[in-house]
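# Summary of structural features
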Amino acid sequence: MSIAPEAPPAADPTVWRRMHPITPAIKGWKVLVGVLVVASYQFGDDLRRAAELIEGGEWRIVGLIVAGIVVVGFGYSALAWRVTRFAVTDDAVHLQQGVLFRQQRQARLDRLQAVDVVQPLLARLTGLSELRLEVAGGSGSGVSLAFLREAEAESLRAELLARAAGVHQEEDGTPAPAAPEQPLFEVPMGRLVVATLRSSATVGLLVMVVAIIVTSVVARDIGPAFVLLPGLLGFAGYFWSQFNRGANFRAAISPDGIRLRHGLTEARAQTVPPGRVQALSITQGPLWRGRDWWRVDMNVAGYSGSSDSDHATANVLLPVGTRDEAVLALWLVLPDLGTPDPRAVVEAGLSGSGDALGFTTVPERARWLDLLAWRRRGVLVTDRALLVRSGRLVRRLVVVPHERTQSLTLRQGPLQRRLRVASIVVHSTPGPVTPSVDHLDQAVAARLLEEQSDRARTARKTAPPEQWMRRTEDA
């Protein structure tokens, strides 16, 4: 009796790829910067000690130590590059990394929320890019591929978006071509500069400068003014970050989603697939009122929220724009507002007050909870979304599609109970938009909570599938 030999194990068809070979050099420089920061912190406040160190020749020992740390840092970066690899399949992007502790992560394409091509300054100088995949699942669920050649990163971005949409590569292995795009609007550099200077931070800066001058005059000494210097530097940093992030801002639309490009020292090319924006807010500060400028922010599942500076940039749909551009940005997220006259409804949300066009307003007895803006507070429910209007000095309109409502909470504080009013909090994914309907009549709030829960549940059942291009092909 003969025994058939066992069949050899099937070969792994997954094709693994590495990052660009000069990745260790780009990542390793951070070690040198860290050492210099520590050294400046240690000796910056003690110039005499630093001078003695230089005159005594001990700087050679310090230099050797610094050089050793830098060599170790670059060596570790090179080793980390050696053991890092990634692969793309029909279902996910797989990433293997880790020197001491091996890690294998995967980003499922059916949960892909956004794909960003980011170019820090040093990477731009070397023609490289970082590909960031944001996946629904909370903070830390994304995958970063750093660094790739710029053309490779753009090609891989198009491939991932095509796969996530349900469009697979041809049988001969040719990847899906990049989807065409149609430019929509861009932010002129002059408008960005003026808008930044017209922000509320300018008022704070002027107050800080006046405080420094008054303190120095009263004390007849420049010394006390240095106490306020960190605050002054903080305002300067804020102005620079707003300008740096909003520079060269452009928006376009394509079959694979909303495309945003912006950044001065760090360029970012962002692609948010259709239907992944969870909530949106359109705001206008008092200093923008004369020019009728507006800012549009959004919550995107996978981004960790506005507390992180990087994701704060990614959550901006329009840093500053005209009213028409702000409305256009809203149409990108929600083309059908579910009302016969959508533009009139949006206008009432941006600048109106009272119960015009069906807005449910705050009862007069609740004016003591918001003396300035109680007449502007209102909520409107359409067939497609919940619109929340608020703010007198800072006007705000929040729009939440019904299918993107995560959950709802009814809240009623002691003063609200006394005035027989209540608030509804609409829970969304983390981000700069925090939808809340405040100070409604308690009976109206309870009814809205129940009805909105039903609307959200029904909308989620009828929501289109994740692979939106496959749906188009099947039709």
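Let us look at the structure shown here.

How each quantity is defined
- Residues numbered from 1 in each chain as written.
- Predicted model: local features only at pLDDT ≥ 70, side-chain atom pairs only at ≥ 80, totals over all residues.
- Heavy atoms only, no water.
- Helix = DSSP H or I, 4+ residues; strand = E, 2+ residues; numbered from the N terminus.
- Buried < 20%, exposed > 50% of the residue type's maximum accessible area, 1.4 Å probe, protein only.
- Contact = heavy atoms within 4.5 Å.
- Areas by Shrake-Rupley, 256 points an atom, 1.4 Å probe, with all protein chains shown as cover.
- Core = buried A, V, L, I, M, F, W, Y, C linked by side-chain atoms within 4.5 Å.
- Axes fitted to C-alpha atoms, helices over the stretch in contact; angles between N-to-C directions.
- Left-handed = near helix turned anticlockwise from the far one by under 90°.
- Nonpolar A, V, L, I, M, F, W, Y, C, P; charged D, E, K, R; others polar.
- Patch = residues over 30% accessible without salt bridge, like charges linked within 9 Å, V, L, I, M, F, W, Y side chains within 5 Å.
- Salt bridge = Lys/Arg side-chain N within 4 Å of Asp/Glu carboxyl O.
- Expected span 1.5 Å × (residues − 1).
- Arc of directions from axis to C-beta.
- Phe/Tyr/Trp six-rings, centres within 6.5 Å; stacked < 30°, edge-to-face > 60°.
- Lys NZ or Arg CZ within 6 Å of the ring centre and 35° of its normal.
- Pairing = 2+ DSSP bridges.
- Polar contact = N/O pair within 3.5 Å; in protein donor to acceptor, adjacent residues only side chain to side chain.

The next point concerns the overall build of the protein. Looking only at helices and strands, one finds 14 helices and 21 strands in the protein. Per-residue burial for the protein yields a buried fraction of 42% across its 475 residues. Contacts in the protein between residues at least 24 apart in sequence constitute 57% of all its contacts with a sequence separation of at least 6. A total of about 25,000 Å² of accessible surface is found on the protein, and carbon and sulfur atoms cover 59% of it.

Bringing the nonpolar core into the picture now. Ile282, Val296, Leu317 and Leu387 are the most contacted members of the largest nonpolar core, which has 42 residues in total. Top contributing element to this core by residue count: helix 10 (residues 323-333), with six residues. In contact with Ile282, not counting residues within four places along its chain, are Trp294, Arg295, Val296, Ala326, Leu330, Leu350, Arg395, Arg396 and Leu397. Met19, Leu145, Leu156 and Ala269 belong to the second largest nonpolar core, which has 23 residues in total.

Once that is clear, we can look at the packing of helix 10 against helix 11 (residues 342-351). At their nearest, the axes of helix 10 and helix 11 sit 12 Å apart, and the two run at 115 degrees to each other. Every pair of crossing elements has a handedness; the one defined by helix 10 and helix 11 is right-handed. Side by side, helix 10 and helix 11 meet where Arg323, Asp324, Val327, Leu330 and Trp331 of the first sit next to Pro342, Arg343, Val346, Glu347, Leu350 and Ser351 of the second. When grouped by side-chain class, the residues that make up the contact of helix 10 with helix 11 number six nonpolar, one polar and four charged.

Before going further, it helps to spend a moment on a nonpolar patch on the surface. Where nonpolar side chains cluster on the molecular surface, the patch consists of Trp29, Leu121, Leu122 and Leu125 and spans about 410 Å² of accessible area. Per-element tally for the nonpolar patch: the top contributor is helix 4 (residues 121-125), with three residues. As for its position among the elements, Trp29 is in helix 1 (residues 23-43).

Because the α-helix completes a turn every 3.6 residues, residues three or four places apart line up on one side. With 20 residues, helix 7 (residues 200-219) extends 29 Å between its outermost C-alpha atoms, agreeing within 8% with the 28 Å of an ideal straight helix rising 1.5 Å per residue. If you check which residues of helix 7 are buried, you get Ala201, Thr202, Met208, Ile212 and Ser216. Here the buried residues of helix 7 occupy an arc of 120 degrees about the axis, which is enough to place them on one side. Among the exposed residues of helix 7, those oriented more than 90 degrees off its buried face are Ser200, Leu206, Val207, Val217 and Val218. In this fold, the buried residues of helix 7 make contact with helix 6 (189-197) and helix 8 (229-246). The positive-phi residue at the C-terminal boundary of helix 7 is Arg220, with phi of around 50 degrees.

By the definition in use, this model includes two aromatic pairs. Relative to Phe239, the ring of Tyr238 has its centre 5.9 Å away and its plane inclined at 65 degrees; by these criteria the two rings are edge-to-face. Between the aromatic rings of Trp240 and Phe243, the centroid separation amounts to 6.2 Å while the plane-to-plane angle is 45 degrees, which identifies the pairing as tilted. With a gap of three residues between them, Trp240 and Phe243 both fall in helix 8, about one helical turn apart. The side chain of Arg85 reaches across the aromatic face of Trp16, ending 4.2 Å from its centre. A cation over an aromatic ring shows up here: Arg389 above the ring of Phe359, its NZ or CZ 4.3 Å from the ring centre.

Right, let's get into the sheet that holds strand 19 (residues 407-411). Across the sheet, three strands lie side by side as 19-20-21; this open sheet has antiparallel pairing. The sheet is open, and its two edges are formed by strand 19 and strand 21 (436-441), each paired on a single side. Along the sheet, successive strands turn relative to each other by an average axial angle of 20 degrees, direction set aside. The sheet contact formed by strand 20 (residues 421-427) and strand 21 spans four bridges and is antiparallel. Among the inter-strand pairings, Val425 is bridged to a residue of strand 21, identified as Ser436. Sitting on the sheet, helix 13 (residues 442-462) is in contact with strand 19, strand 20 and strand 21, with an inclination near 135 degrees to strand 21.

So, on to helix 13. Counted at 1.5 Å a residue, the expected span for helix 13 with its 21 residues is 30 Å, and the 30 Å between its end C-alpha atoms agrees. Every buried residue belonging to helix 13 is among Ala445, Leu448, Gln452, Ala456 and Ala459, and all of these are buried. All buried residues of helix 13 project into a common sector of 70 degrees when viewed along the axis, lining one side. Every exposed residue of helix 13 that faces more than 90 degrees away from the buried side is listed here: Glu450 and Lys461. Put simply, Asp441 is the residue that caps the front of helix 13, since its side-chain oxygen is 3.0 Å from the backbone nitrogen of Ala443.

Let us now look at the sheet that holds strand 2 (residues 85-88). Strand order in the open sheet formed by four strands is 1-2-3-4, and the pairing between neighbours is antiparallel. Pairing within the sheet leaves two strands with one partner each, and these edge strands are strand 1 (16-17) and strand 4 (103-108). The pairing of strand 3 (residues 92-97) with strand 4 spans six bridges and is antiparallel. Paired with His94 across the strands is Gln106, a residue of strand 4. Packed onto the sheet, helix 5 (residues 150-164) meets strand 1, strand 2 and strand 3 and runs at close to 45 degrees relative to strand 2.

Right, let's talk about unusual backbone geometry for a bit. Of note, the amide linkage connecting Ala146 to Phe147 takes the cis form, showing an omega dihedral of 5 degrees. For Phe147, the location among the structural elements is in strand 7 (residues 143-149). In this structure, Asp292 takes a positive phi of about 55 degrees despite not being glycine. Topologically, Asp292 is positioned in the loop between strand 12 (277-284) and strand 13 (293-300). Given a relative accessible area of 24%, Asp292 falls into the partly exposed group.

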